[in-house]
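Summary of the model geometry
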Amino acid sequence: MRPRSIVAALVVVAGAAIWFLPDPAGGPAGVWRAGAVVVVAIGLWATAALPEYFTALIFLLLAVTVGGIAPDLAFSGFHATATWLIFGGLVIGYAVDITGLGARMANTVVPRMAKGYLPILAGIVAMAAAMGLVVPGNSGRVAILVPIVMALADRMGFAPGSNGRTALALAAACGTLYVGFGVLPAAVPNLIMAGAAESIYGIGFTYADYALVHLPVLGLVTLVALPLILFALFPDRPRAAGAATAPAPWDRGQATIAVLLAAALTLWITDFAHGISPAWVALGVGLLCVMPRVGVAPPSALVGKINLELWFYVAAVVAVGSVVSQSGLGGIVAERLFAWVTFVEGADFLNLAIVSAIGMVMSLLSGVPGQPAIMTTLASEIADATGWPLATAVQAQVMSWTMALFPYQLPPLLLALYMADIPPAALLRVLVAMTVTAWIAILPLTWAWWSLLGMFG
């Protein structure tokens, strides 16, 4: 047996053992049955012993049969906005690709880019980061950027499967993801944390205040570290970055998708005014892309060309987060983790590291989008134990989002993985490197920055 198969088998055995545990005294009934299903699903995703979508279907089946989870909770991922943002993003990305708009934009960008592999990576990360400052929703940005960057990879001579092609796609996806954690409307975890903090504690965050606290460190570290990581992990060099060819005349398909993209960007940027979720904007624009007489692809593309495997996968990942949160499993695990550690009032760096470590473990269970719903409820206990202001205790979890170790924890990166045909192992290497970077750079720099801002009281 291969090592991953052995690990997967051990995970299934562990899940079966958890299923037989008695309910904790005073805790919710059936919590360990739900935990057993979650452990099996996460273990199979982490080891990639089965195709991700197949594990997703296994989770849904086990959840409603042996897990004691209500169907509306088990299938909650299918009516989550994150899932539909991914679906709309897949359709938009397909339209950008088949119309040739991505190639046209890449042909325009190539002559303006600095020569050399590392400068190209740095330029893509900077472009992705800048887009995250104004466009909400990581998945929407990934859907727009990845087809353009793949066309750019073609112009640079990076063949499918090459290191350069992988690195360019991950520069676009990771650049917008990590910087997005520092911009309030730019990522789902930010919004979940802010919403929970307001509903539980009456704490509100403004765009400017949130950016001041998080963006200088997250933005600086990402802009510097990510290109270097990609350059080191995926060595390559451009082979055909010559002068741009004369652009062909715009055709109907390119003009149509350009107008639709402009409309989507406008609606995303102005969501504060109209209140329409970025997910429904993405879904609406995606449907227009395949609408008869209007779109650029036939409606049959929704089932014939769009990778619905990813959609099932993301829906199940989102549902796992909901199950961990609403079954009481997340609260029990978090409380037991906090019981094993000791906060020291005044030792702010140590306390920040402890919160980050616990958040990192929790996101393994719930995924990054589901983690804030659990961690935010524990902020008052963190504040009491550390002596921090409550707002600081709420925001201390943000560093742990940059410490995700597996692709399933970050749905926007799953979208990039499928759109660019990136091997999961390649993405895993980047996530591990960024986790190490978070511990050695983001955490201490955040502590220093927050100390300067007087956030520790």
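Before going further, it helps to examine the overall build of the chain. Per the secondary structure count, the chain includes 23 helices and 0 strands. Against the compact-globule benchmark of 23 Å for 457 residues, the chain has a radius of gyration of 22 Å, which places it among compact chains. Reported as C-alpha extents along the three principal axes, the dimensions of the chain are approximately 70 × 50 × 50 Å. A total of 457 residues make up the chain; the buried ones form 55% of that total. With the model as given, the accessible surface of the chain reaches about 18000 Å², and the carbon-plus-sulfur share is 70%.

Inspection of the entire model under this criterion finds 19 aromatic pairs. When the centroid spacing of 5.9 Å and the interplanar angle of 75 degrees are considered together, the rings of F78 and F312 count as edge-to-face. Of this pair, F78 sits in the loop between α4 (71–74) and α5 (81–99) while F312 is found in helix α16 (residues 308–326), placing the two residues 234 residues apart along the sequence. Of the aromatic side chains, those joined through ring pairs into one cluster are F75, F78, W84, F87, W311 and F312.

Moving on, we get to the pattern of salt bridges. The final tally for this structure, using the stated rule, is 1 salt bridge. When the shortest N-O distance is used, the salt bridge between D154 and R165 registers 2.7 Å. Taken together, the residues span a long stretch of sequence, with D154 in helix α8 (residues 138–156) and R165 in helix α9 (residues 163–180) at a distance of 11 residues. Look at D154 and you get partly exposed, because its relative accessible area is 47%. R165 gets classed as buried once you look at its relative accessible area, which sits at 13%.

Between α16 and helix α18 (residues 348–375), the shortest axis-to-axis distance is 8 Å and the interhelical angle comes to 40 degrees. The pairing of α16 with α18 is recorded here as oblique in orientation. Crossing angle aside, the handedness with which α16 passes α18 is right-handed. Every residue of α18 that contacts α16 at V320, G321, V324 and S325 is listed here: L365, S366, A373 and I374. The residue makeup of the contact of α16 with α18, split by class, is 5 nonpolar, 3 polar and no charged.

Here we come to α8. Taking 1.5 Å per residue, 19 residues should reach 27 Å; α8 reaches 26 Å between its end C-alpha atoms and fits that length. Considering bend angle alone, the principal kink of α8 is centred on L145 and spans about 25 degrees; proline P147 follows within four residues of it. Taking burial as the measure, the 19 residues of α8 include 18 buried ones, the bulk of the element. The positive-phi residue at the C-terminal boundary of α8 is G157, with phi of around 85 degrees.

Taken together, L220, L223, V224 and L228 make up a surface patch of nonpolar side chains, about 360 Å² in accessible area. A residue is classified by how much of its surface remains accessible, and L223, at 40% relative accessible area, is partly exposed.

Here the focus is the side chain of T83. Note that T83 resides in helix α5. Owing to a relative accessible area of 0%, T83 belongs among the buried residues under this scheme. When near neighbours in sequence (up to four residues on either side) are disregarded, T83 contacts G77, W311, V314, A315 and V318.

Moving on, we get to unusual backbone geometry. Located in the positive-phi region is R293, a residue other than glycine, with phi close to 70 degrees. Mapped onto the secondary structure, R293 falls in the loop between α14 (278–289) and α15 (301–304). At D421, a residue that is not glycine, the phi angle is positive and equals roughly 55 degrees. Take D421: it is sitting in the loop between α22 (411–419) and α23 (424–453).

With that out of the way, let us pick up the environment of T222. Mapped onto the fold, T222 is located in helix α11 (residues 207–233). If we skip the residues at most four places from it in the chain, T222 touches V125, C174, G175, Y178, V179 and P227.

Turning to its location among the elements, T446 is positioned in helix α23. The contacts of T446, once residues within four sequence positions are left out, are V217, L352 and M399.

Attention now goes to α5. End to end, α5 covers 27 Å across 19 residues, agreeing with the expected 27 Å (1.5 Å per residue, within 8%). For α5, the buried fraction is high: 14 of the 19 residues fall into the buried class. Following α5 by one or two positions, G100 has its phi on the positive side, about 85 degrees.

Two elements in contact, α18 and α23, have axes whose closest approach is 10 Å; the angle formed by their N-to-C orientations is 140 degrees. Accordingly, the angle class assigned to the pair α18 and α23 is oblique. As for the relative orientation of α18 and α23, their crossing is right-handed in sense. Packed against α18, whose contacting residues are D348, F349, L352, A353, S356, A357 and M360, the element α23 presents T435, W439, L443, P444, T446, W447 and W450 at the interface. Split into classes, the residues belonging to the contact of α18 with α23 amount to 10 nonpolar, 3 polar and 1 charged.

The next point concerns the environment of L191. Residue position: L191 is located in helix α10 (residues 188–201). It is 12 Å that separates the C-alpha atoms of L191 and S277, two residues lying 86 residues apart in sequence.

With 96% of its residues at a pLDDT of 70 or more, the chain has an overall mean of 86. Of all secondary-structure elements in the chain, the lowest mean pLDDT belongs to helix α6 (residues 101–109), at 70, while α23 reaches the highest, 95.

Scoring rules and cut-offs
Residues numbered from 1 in each chain as written. Predicted model: local features only at pLDDT ≥ 70, side-chain atom pairs only at ≥ 80, totals over all residues. Heavy atoms only, no water. Helix = DSSP H or I, 4+ residues; strand = E, 2+ residues; numbered from the N terminus. Rg over C-alpha atoms; globule rule 2.2 N^0.38 Å. Buried < 20%, exposed > 50% of the residue type's maximum accessible area, 1.4 Å probe, protein only. Areas by Shrake-Rupley, 256 points an atom, 1.4 Å probe, with all protein chains shown as cover. Phe/Tyr/Trp six-rings, centres within 6.5 Å; stacked < 30°, edge-to-face > 60°. Salt bridge = Lys/Arg side-chain N within 4 Å of Asp/Glu carboxyl O. Axes fitted to C-alpha atoms, helices over the stretch in contact; angles between N-to-C directions. Parallel < 35°, antiparallel > 145°, perpendicular 65-115°, else oblique. Left-handed = near helix turned anticlockwise from the far one by under 90°. Contact = heavy atoms within 4.5 Å. Nonpolar A, V, L, I, M, F, W, Y, C, P; charged D, E, K, R; others polar. Expected span 1.5 Å × (residues − 1). Bend = angle between axes of the 7 residues up to and from the residue. Patch = residues over 30% accessible without salt bridge, like charges linked within 9 Å, V, L, I, M, F, W, Y side chains within 5 Å. pLDDT = per-residue confidence, 0-100.

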